[in-house]
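What follows is the residue order along each chain.
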Amino acid sequence: MKLLHAMEKQSALHECDLIIKRTGGSKEEEEHAIQLFVSLGVKGLIVTPVHGEHYNAELIRVVLGKFPVVLVDRYLKGIPVCSVYTDNRKAAQDLTLHLIGKGHQNIAYLSPPVENTSALEDRLLGYTLAFTREGLKLNQDYCLTNITGTRSGSWAGDLETLKSFLGQNTDVKAFVVSEYLVATMLAQAIDAQGKKLENYDIVCFDSLNDFLGKPIFTHIQQDEKRMGEEAVELLISQLYGEAVTEQRIVEHRMIVKE
């Protein structure tokens, strides 16, 4: 919501109207939205591409056709398109080093499938690089990148996967999680097995606060406000024919749960 509010406010400053279409993580809905907006005569597109094994053909078509486009939260490898995003590699490394600094060596990683989703690929890479930096051995069995609930909307299979992992790997007490919703599912799995959540260290990307206003998890806080503002500014620059940088990285912060 911070991202949307920032984009809407920044668009208004340029006397532009922001039209929003949510795609629910569906590549088909994303293709339809792009076709619809272009047919309506919009001047440019700001897109957060859906996760997926393959790039959206309609998105590639408008990019290669030099239609003004800015991607938010990820980039397309090998495709020259303007993008605004967090340094996900460094952010995931920061989270993993935080857990290592607390004495953990058996640290698992949870994520949806990472293929062709730059943000998720970089987060997994950052996790692995932290082990290399500290000279620790990485157990590949601790990397679960098959969590699909954020895409399908159904968490039943994921819950069983997580419960099974917890039962088989009782020495794992720390988790780096690529998305907040996956972290909440992990917490539910821990509770469902009658285990105490305070015996585990869970860190993730983004997080809500509890009823006292304190963060639920130690997490990476992305600067959504600045990302939204930068996205609009880069799109406006394209509309005026100005040269823009292909990739714009926005700084992040790590918020530590006390």
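Fair warning: this is a prediction, and the values are worked out from it, not measured in the lab.

**Quick notes on the overall build of the protein chain**
Moving on, step 1. What the protein chain contains, in helices and strands, is 9 helices and 10 strands.
Moving on, step 2. Since a compact globule built from 258 residues should have a radius of gyration of about 18 Å, the 19 Å found for the protein chain is in line with a globular shape.
Moving on, step 3. Dimensions of the protein chain, computed from the C-alpha atoms along their principal axes, are close to 55 × 40 × 30 Å.
Moving on, step 4. The burial tally for the protein chain puts 46% of its 258 residues in the buried class.
Moving on, step 5. Approximately 13500 Å² of the protein chain is accessible, and the part contributed by carbon and sulfur atoms is 49%.
Moving on, step 6. Mean positive and mean negative side-chain charge positions of the protein chain (27 and 35 charges, respectively) differ by 3 Å.

**Concerning the sheet that holds strand S10 (residues 252-255)**
Moving on, step 1. Taken together, 6 strands build an open sheet; the order of strands is S5-S4-S6-S7-S8-S10 and the sheet is mixed. The sheet is open, and its two borders are formed by strand S5 (143-144) and S10, each paired with just one other strand.
Moving on, step 2. Summarising the sheet, strand S4 (residues 107-110) and strand S6 (residues 174-177) pair through 4 bridges and their orientation is parallel. Across the sheet, the residue bridging to alanine 108 is phenylalanine 175, located in S6.
Moving on, step 3. Docked against the sheet, helix H5 (residues 118-134) engages S4, S5, S6, strand S7 (201-205) and strand S8 (218-222), running at close to 170 degrees with respect to S4.
Moving on, step 4. Contacts between helix H8 (residues 180-192) and the sheet are confined to S4, S6 and S7, with S7 contributing the most and set at about 160 degrees to the helix.

**Some words on the packing of aromatic side chains**
Moving on, step 1. Following the criterion strictly, the structure yields 7 aromatic pairs and no others.
Moving on, step 2. Seen in terms of ring centroids, tyrosine 142 and phenylalanine 165 are 6.2 Å apart; in terms of plane orientation they differ by 85 degrees. Their pairing is edge-to-face. Residue tyrosine 142 is found in the loop between H5 and S5, and its partner phenylalanine 165 is found in helix H7 (residues 156-168); the two are separated by 23 residues along the sequence.
Moving on, step 3. Residue tyrosine 142 is classed as buried on the basis of its relative accessible area of 8%.
Moving on, step 4. By relative accessible area, which is 7% here, phenylalanine 165 ends up buried.
Moving on, step 5. Connected via pairs of aromatic rings, a cluster forms that spans Tyr142, Phe165, Phe175 and Tyr200.
Moving on, step 6. For the cation-ring pair, arginine 123 lies above phenylalanine 205, with the distance from its terminal atom to the ring centre recorded as 3.8 Å.

**Points about the nonpolar core**
Moving on, step 1. By size, the foremost hydrophobic cluster in this structure holds 40 residues, and its most contacted members are Phe175, Val177 and Leu186.
Moving on, step 2. Where this core is concerned, the elements lending two or more residues are helix H4 (88-101), S4, H5, S5, H7, S6, H8 and S7.
Moving on, step 3. When residues in this core are grouped by element, the largest group, 8 residues, is from H8.
Moving on, step 4. Every residue in contact with phenylalanine 175, bar those within four places of it in the chain, is listed here: Leu99, Ile107, Ala108, Leu110, Phe165, Leu166, Leu186, Tyr200, Asp201, Ile202 and Val203.

**What to know about the sheet that holds strand S1 (residues 45-47)**
Moving on, step 1. With parallel pairing, the 4 strands of this open sheet are ordered in space as S1-S2-S3-S9. Two strands lie at the open edges of the sheet, namely S1 and strand S9 (247-250), each paired on one side alone. Ignoring which end each strand starts from, the neighbouring axes of this sheet average 20 degrees apart.
Moving on, step 2. For strand S2 (residues 69-72) and strand S3 (residues 82-86), the ladder comprises 3 bridges, and the chain directions are parallel. Across the sheet, the residue bridging to valine 72 is valine 84, located in S3.

**Looking at the packing of H7 against H8**
Moving on, step 1. The contact between H7 and H8 brings their axes to 9 Å, and the two run at 60 degrees. Relative to H8, the element H7 lies oblique. Crossing of H7 over H8 shows right-handed handedness. Touching Leu159, Leu162, Lys163 and Leu166 of H7 are Met185, Leu186, Gln188, Ala189, Ile190 and Ala192, all from H8.

Definitions and limits used
Residues numbered from 1 in each chain as written. Predicted model: local features only at pLDDT ≥ 70, side-chain atom pairs only at ≥ 80, totals over all residues. Heavy atoms only, no water. Helix = DSSP H or I, 4+ residues; strand = E, 2+ residues; numbered from the N terminus. Rg over C-alpha atoms; globule rule 2.2 N^0.38 Å. Buried < 20%, exposed > 50% of the residue type's maximum accessible area, 1.4 Å probe, protein only. Areas by Shrake-Rupley, 256 points an atom, 1.4 Å probe, with all protein chains shown as cover. Lys, Arg positive; Asp, Glu negative; His and termini not counted. Charge placed at Lys NZ, Arg CZ, Asp CG, Glu CD. Pairing = 2+ DSSP bridges. Contact = heavy atoms within 4.5 Å. Axes fitted to C-alpha atoms, helices over the stretch in contact; angles between N-to-C directions. Phe/Tyr/Trp six-rings, centres within 6.5 Å; stacked < 30°, edge-to-face > 60°. Lys NZ or Arg CZ within 6 Å of the ring centre and 35° of its normal. Core = buried A, V, L, I, M, F, W, Y, C linked by side-chain atoms within 4.5 Å. Parallel < 35°, antiparallel > 145°, perpendicular 65-115°, else oblique. Left-handed = near helix turned anticlockwise from the far one by under 90°.

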